[in-house]
Amino acid sequence: MPAESLPPGFSTLAVHAGAAPDPTTGARVTPIYQTTSFVFENADQAAARFGLQEFGNIYSRITNPTNAVLEERIAALEGGTAALAVASGHAAQLLVFHTLLQPGETILAATKLYGGSINQLSHAFKNFGWGVTFADTDDLKAFAAAVTPQTKAIFVESIANPGGTITDLEAIANIAKTHKIPLVVDNTLASPYLVRPFEHGADIIVHSATKFLGGQGNSMGGLIVDGGTFDWRDPRYPMLSAPHAEYGGLVIAETFGNIAFALAARALGLRDLGPALSPFNAFLLLNGIETLPLRMQRHSDNALIVATHLAQHHKVDWVSYAGLPGDRYYELARKYSPLGAGAVFTFGVHGGYDAALKTVSSLKLFSLLANVGDTRSLVIHPASTTHRQLTDAQKIAAGAGPEVVRVSIGIEDVRDIIADLDQALAA
Ligand SMILES: *Cc1c(COP(=O)(O)O)cnc(C)c1O
């Protein structure tokens, strides 16, 4: 059978998608194009590029060849049509909502979200005139009832922070489709190796590439992936459906079809708001993605063994890990994340706030820090840190109550991870 009759598999795409030997030097690894600007062949070409009549590099705030490889790679891994690389996960979210919302409009978001996203949506976005309504994705009726005529986007995490809970993406996508609004999925904790949101009805995917995609805790980065599915000619999305005077009356939704969203986020959002990704970070993120399938499988396998151990530990009141049989989200995990439930989960330390703080401080192999998705095992006490700015009720709704410890299980030998937890719980 000729090779081209089989589409490349995920691990092949993780190594190769978007990349080719450098045409001028033959360099096999994608070079870091550490340049701010690109020379035009002539003035006509310069004008065509500025007018969006010709694709090509102008200035690294808008496009860069190293970043372009990263964009193609994540689009391939997620099964999207195009992608945009930006400086951080939060920058990705900012550009997505900037493309979707006008002042006075709102986002319907899950209550279980990364703490920084809850802050961004509820505080920073106020200054743009964007509102946010939080609703619990576990209560689908209440979630559907929270859609109003002002709602312009639904925002959820596939595997949600901090508890590693699983969102019923198809049910949420149906709510979005009923109201003809896009479903934006933050796929950071899952990565496309575990969960494929476009296959379950998502329209746009965002990533904090800072986490599992880079995977080694060395680079900030964010990605927006366009599913190419939504009909942006809808006048409720004027950034895409209305003519742009500055581009000679161009209507992005008509001219750019199934890559319109990624193009608008770049040509209107990234161009004007400016959170560009450094090509050096793009290089490190690309290197990380090459081993994504290997790492995610080890993360998930280790996490299941550790969660099983903790569930039987006398100093642990409960473990919330969707990979554990009997967990509330176990069936959803089998459906949406069949290769494993990821690295991140929470458990409740017997004795509450003080016991949780003591445990976190006594760990030695684990690093106490505000991140997930490193090769190293990581730990944090959300109530006193990442979720500190929330009210007590918001903390509990977000799965960040006083006794809660969040771990991101690394790819070390699992017996060393367990030994460290045992000695800390004994302390
Ligand atoms: C870290 C994180 C973000 C924010 O990403 P940054 O790269 O830190 O800006 C968003 N969503 C989730 C789920 C995250 O874990």
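Rules used throughout
Residues numbered from 1 in each chain as written. Predicted model: local features only at pLDDT ≥ 70, side-chain atom pairs only at ≥ 80, totals over all residues. Heavy atoms only, no water. UniProt positions renumbered as here; feature names shortened; annotations may be inferred. Near = heavy atom within 4 Å. Polar contact = N/O pair within 3.5 Å; in protein donor to acceptor, adjacent residues only side chain to side chain. Areas by Shrake-Rupley, 256 points an atom, 1.4 Å probe, with all protein chains shown as cover. Helix = DSSP H or I, 4+ residues; strand = E, 2+ residues; numbered from the N terminus. Nonpolar A, V, L, I, M, F, W, Y, C, P; charged D, E, K, R; others polar. Buried < 20%, exposed > 50% of the residue type's maximum accessible area, 1.4 Å probe, protein only. Contact = heavy atoms within 4.5 Å. Domains from an automatic or database assignment. Buried area = accessible area lost by both parts, 1.4 Å probe. Salt bridge = Lys/Arg side-chain N within 4 Å of Asp/Glu carboxyl O. Pairing = 2+ DSSP bridges. Axes fitted to C-alpha atoms, helices over the stretch in contact; angles between N-to-C directions.

For the protein, the name recorded in an unreviewed UniProt entry is O-acetylhomoserine/O-acetylserine sulfhydrylase, with Beijerinckia indica subsp. indica as its organism. The heading Cofactor (unreviewed entry) in the UniProt record of the protein holds the text "pyridoxal 5'-phosphate". In its Sequence similarities (unreviewed entry) section, the UniProt entry covering the protein states "Belongs to the trans-sulfuration enzymes family."

(A) Fine view of the site of the ligand. The environment of the ligand is formed by 15 residues, the closest being Gly-89, Asp-186, Ser-208, Thr-210 and Lys-211. Between the ligand and the protein, one listed contact pairs an oxygen atom with a side-chain N or O atom of Thr-210 at 2.7 Å. Within the complex, 95% of the 380 Å² of free accessible area of the ligand lies under protein. With three residues, the top contributor of residues to the shell around the ligand is helix H4 (residues 89–100). Of the residues that constitute the shell around the ligand, the class distribution is two nonpolar, 10 polar and three charged.

(B) Structural detail: the UniProt feature "modified residue: N6-(pyridoxal phosphate)lysine" (unreviewed entry) in the protein. Within this structure's numbering, the places UniProt gives as "modified residue: N6-(pyridoxal phosphate)lysine" (unreviewed entry) are Lys-211. By the element assignment, Lys-211 lies in the loop between strand S8 (204–208) and strand S9 (222–226). Assessed through its relative accessible area of 9%, Lys-211 is described here as buried. Not counting residues up to four positions away in its chain, the partners in contact with Lys-211 are Tyr-114, Thr-188, Asn-371, Val-372 and Gly-373.

(C) Highlighting the domain arrangement of the protein. Domains assigned within the protein are domain 1 (7–288) and domain 2 (293–426). With centres defined by C-alpha atoms, the gap from domain 1 to domain 2 works out at 28 Å. Listed as interface residues are 39 residues of domain 1 and, on the opposing side, 41 residues of domain 2. Carbon and sulfur atoms supply 59% of the area buried between domain 1 and domain 2, which totals about 3100 Å² over both sides. Put simply, domain 1 and domain 2 have two salt bridges between them. Between Arg-328 and Asp-138 there is a salt bridge, with the nearest N and O atoms lying 3.6 Å from each other. When contributions to the side of domain 1 that touches domain 2 are tallied by element, the ones reaching two or more residues are helix H1 (10–16), helix H5 (115–122), strand S6 (165–166), helix H7 (169–178) and helix H8 (191–194).

(D) Molecular detail of unusual backbone geometry. Going from Asn-161 to Pro-162, the amide bond is cis rather than trans, its omega being -15°. Mapping Pro-162 onto the fold places it in the loop between strand S5 (159–160) and S6. The phi dihedral of Lys-180 is positive, around 55°, even though this residue is not glycine. Within the secondary structure layout, Lys-180 lies in the loop between H7 and strand S7 (183–186).

(E) Looking closely at the sheet that holds strand S4 (residues 151–157). Judged by pairing direction, the sheet is mixed, and its seven strands sit side by side in the order S1-S9-S8-S7-S4-S2-S3 without closing on themselves. Each edge of the open sheet is held by one strand with a lone partner, namely strand S1 (82–86) and strand S3 (131–135). Geometrically, the sheet is characterised by an average inter-axis angle of 20° between neighbouring strands, direction not taken into account. Pairing analysis gives four bridges linking S4 to S7, with the strands arranged parallel. Across the sheet, Glu-157 pairs through a bridge with Asp-186, a residue of S7. Strand contacts of H4: S1, strand S2 (106–110), S4, S7, S8 and S9, with the helix running at about 155° to S8, the strand carrying the most contacts. Packing of H5 onto the sheet brings it into contact with S2, S3 and S4, and relative to S3 it is tilted by some 140°.

(F) Broad picture of the side chain of His-381. As for its placement among the helices and strands, His-381 is situated in the loop between strand S13 (378–380) and helix H16 (392–397). Within polar-contact distance, the side chain of His-381 engages the backbone oxygen of Pro-402 at 2.8 Å. If sequence neighbours within four positions are ignored, His-381 has contacts with Tyr-353, Ala-356, Leu-357, Val-360, Pro-402 and Val-404.

(G) Quick peek at the pattern of salt bridges. Going through the model one piece at a time under the given rule, you end up with 15 salt bridges. Between Arg-49 and Glu-54 there is a salt bridge, and its shortest N-O distance comes to 3.0 Å. The class for Arg-49 is buried, based on a relative accessible area of 14%. Between Lys-395 and Asp-392 there is a salt bridge, with its nearest N and O atoms 3.7 Å apart. Of this pair, Lys-395 and Asp-392 both sit in helix H16, three residues apart, roughly one helical turn. Among the residues examined, Lys-395 registers a relative accessible area of 14% and is labelled buried. Bridged by salt links that share partners, the residues Lys-112, Asp-136, Asp-138 and Arg-328 form one connected network.

(H) Examining the side chain of Glu-71 more closely. Tracing the backbone through its elements, the reader meets Glu-71 in helix H3 (residues 65–78). Judged by its relative accessible area of 9%, Glu-71 falls in the buried class. Separated by 3.2 Å, the side chains of Glu-71 and Arg-266 make a polar contact. For Glu-71, the residues in contact, after removing those within four places along its chain, are Ala-83, Leu-84, Ala-85 and Arg-266.

(I) Here's a closer look at the pairing of S8. For S8, the tally of buried residues reaches five of five residues, placing the bulk of the element in the interior. Across the two faces of S8 the burial is the same, with Ile-204, Val-206 and Ser-208 and Ile-205 and His-207 all buried. Here S7 pairs with S8 via three bridges, running parallel. Bridged to Val-184 within S8 is Ile-204. In this structure, S8 lies alongside S9, joined through five bridges in antiparallel fashion. Each bridged residue has a counterpart across the sheet, and for Ile-205 the counterpart in S9 is Val-225.

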